[in-house]
Amino acid sequence: TTGYAHDLAVSGDHVYVADGGSGLVILDVTNLASPVFSDSYDTSSGHAYGVAISENNAYVAFNSSGLSIVDVTNPENVVGDDYDTAGNAENVAVADGYAYIADGDAGLVIMDIDDPTSPVGSYNTTGHANGVAVSGDYAYIADGDNGLVILNITDPANPTLTGNVTTSYAHDVAISGNYAYIADDSNGLVIFNVTDPAAPIEE
């Protein structure tokens with residue numbers, strides 16, 4: 001790609017790449033040996049750092065430009081709308097009708113994807129929200145030097161702190177079963193058992 005690829009999502013025969021200054025780049029990978037460019041989407045400012053796919057939309061964290069929602073029903077001809085956020089959108093997860101945005105120094109921002117013109121709720125973490133994953137009633141935030149932050153999102157309008165554990169510098173987080181996997185800078189991979197989200201235990 002022409003930019004710096006920071007994140008990607010796969011849906012069907014297409015890969016959606018958050019390609020930094022080149023925006024969202026869409027590749028047809030029907031032939032894995034020879035991916036083909038389909039289309040791209042960019043904003044007037046901001047770099048694409050994170051992307052999530054839900055149904056026929058790509059949700060792109062465009063840093064200083066906020067969140068873009070891109071209709072990818074036809075990956076060869078995509079259209080989108082942009083929604084500013086309080087901070088710098090670094091990453092995004094989508095679940096149950098809401099977009100959960102890791103919004104840098106502004107922490108977690110939650111938007112209703114059917115009405116994204118203004119945030120539904122937010123939680124200002126003490127670190128720099130770099131990554132986000134959602135599982136069940138909880139959002140897991142990779143919060144820079146503040147480590148892993150776990151928020152109860154049962155009420156998206158009022159997320160509340162459940163747990164927090166310090167790591168070296170949390171860049172991203174993924175959840176599988178009862179485990180949180182943290183990309184922790186020079187510390188490498190750190191794994192926490194989050195069976196009790198209020199008291200994560202390092203494995």
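For the structure itself, consult the block above.
The structure contained in this document is the topic of the report that follows. What you are looking at is a predicted structure, and each value in this text was computed from that prediction instead of being measured. In this numbering scheme, every chain counts its residues from 1 along its sequence in written order. This being a predicted model, a pLDDT of at least 70 is required before a residue's local features are given, and a value of 80 or more before pairs of side-chain atoms are given or counted; all residues contribute to the totals for chains, interfaces and linings. Only hydrogens and water are set aside when side-chain values are computed; all heavy atoms of the structure are taken into account.

**Regarding the layout of surface pockets**
Alright, step 1. A 1.4 Å probe that fits but cannot get out identifies a cavity on a 1 Å grid over protein atoms alone, an open set with protein on both sides within 12 Å along at least five of seven lines counts as a pocket, and a residue lines either if it has an atom within 4 Å of a point. Grid points are joined across faces, edges and corners, and a volume is the space filled by probe spheres set on the points. Approximately 180 Å³ is the volume found for the largest pocket.
Alright, step 2. Along the lines of polarity and charge, the residues of the lining of the largest pocket split into one nonpolar, four polar and three charged. Residues are grouped as follows: nonpolar covers Ala, Val, Leu, Ile, Met, Phe, Trp, Tyr, Cys and Pro; charged covers Asp, Glu, Lys and Arg; every other residue, Gly included, is treated as polar.

**Focus: the pairing of strand β17 (residues 172-176)**
As a general feature of sheets, a regular strand has side chains that alternate between the two faces.
Alright, step 1. Strand pairing is defined by DSSP finding a minimum of two bridges between the two strands. By the criteria applied, helices consist of DSSP H or I runs no shorter than four residues and strands consist of E runs no shorter than two, each listed in order from the N terminus. The pairing of β17 with strand β18 (residues 179-183) spans five bridges and is classified as antiparallel. Each bridged residue has a counterpart across the sheet, and for Asp-172 the counterpart in β18 is Ala-183.
Alright, step 2. Between the end of β17 and the start of β18, which pair antiparallel, lie two residues, with Gly-177 showing a positive phi angle near 60°.

**Some details on the pairing of strand β2 (residues 14-18)**
Alright, step 1. The buried label applies to any residue whose accessible area, calculated with a 1.4 Å probe on protein chains only, is under 20% of its type's maximum; exposed applies above 50%, and partly exposed to all values in between. Burial within β2 is extensive, with five of its five residues counted as buried.
Alright, step 2. The alternating pattern of β2 places His-14, Tyr-16 and Ala-18 on one face and Val-15 and Val-17 on the opposite face, and all of these are buried.
Alright, step 3. Strand direction decides the pairing type here: strand β1 (residues 7-11) and β2, joined by five bridges, are antiparallel. Each residue of the ladder has a partner; that of Leu-8, found in β2, is Val-17.
Alright, step 4. In sequence, β1 turns back onto β2 through a hairpin of two residues, with Gly-12 there showing a positive phi of about 60°.

**Topic: the sheet that holds strand β7 (residues 67-71)**
Alright, step 1. Here four strands make up an open sheet; going across it, the order is β5-β6-β7-β8 and the pairing antiparallel. The sheet is open, and its two borders are formed by β5 (50-54) and β8 (79-83), each paired with just one other strand. Between one strand axis and the next, the sheet turns through 20° on average, direction left out of account.
Alright, step 2. Here strand β6 (residues 57-61) pairs with β7 via five bridges, running antiparallel. Following the sheet pairing, Val-60 is matched in β7 by Ser-68. In this analysis an axis means a line fitted to C-alpha atoms, helices contributing only their contacting stretch, and an angle means the value between N-to-C directions, from 0 to 180 degrees.

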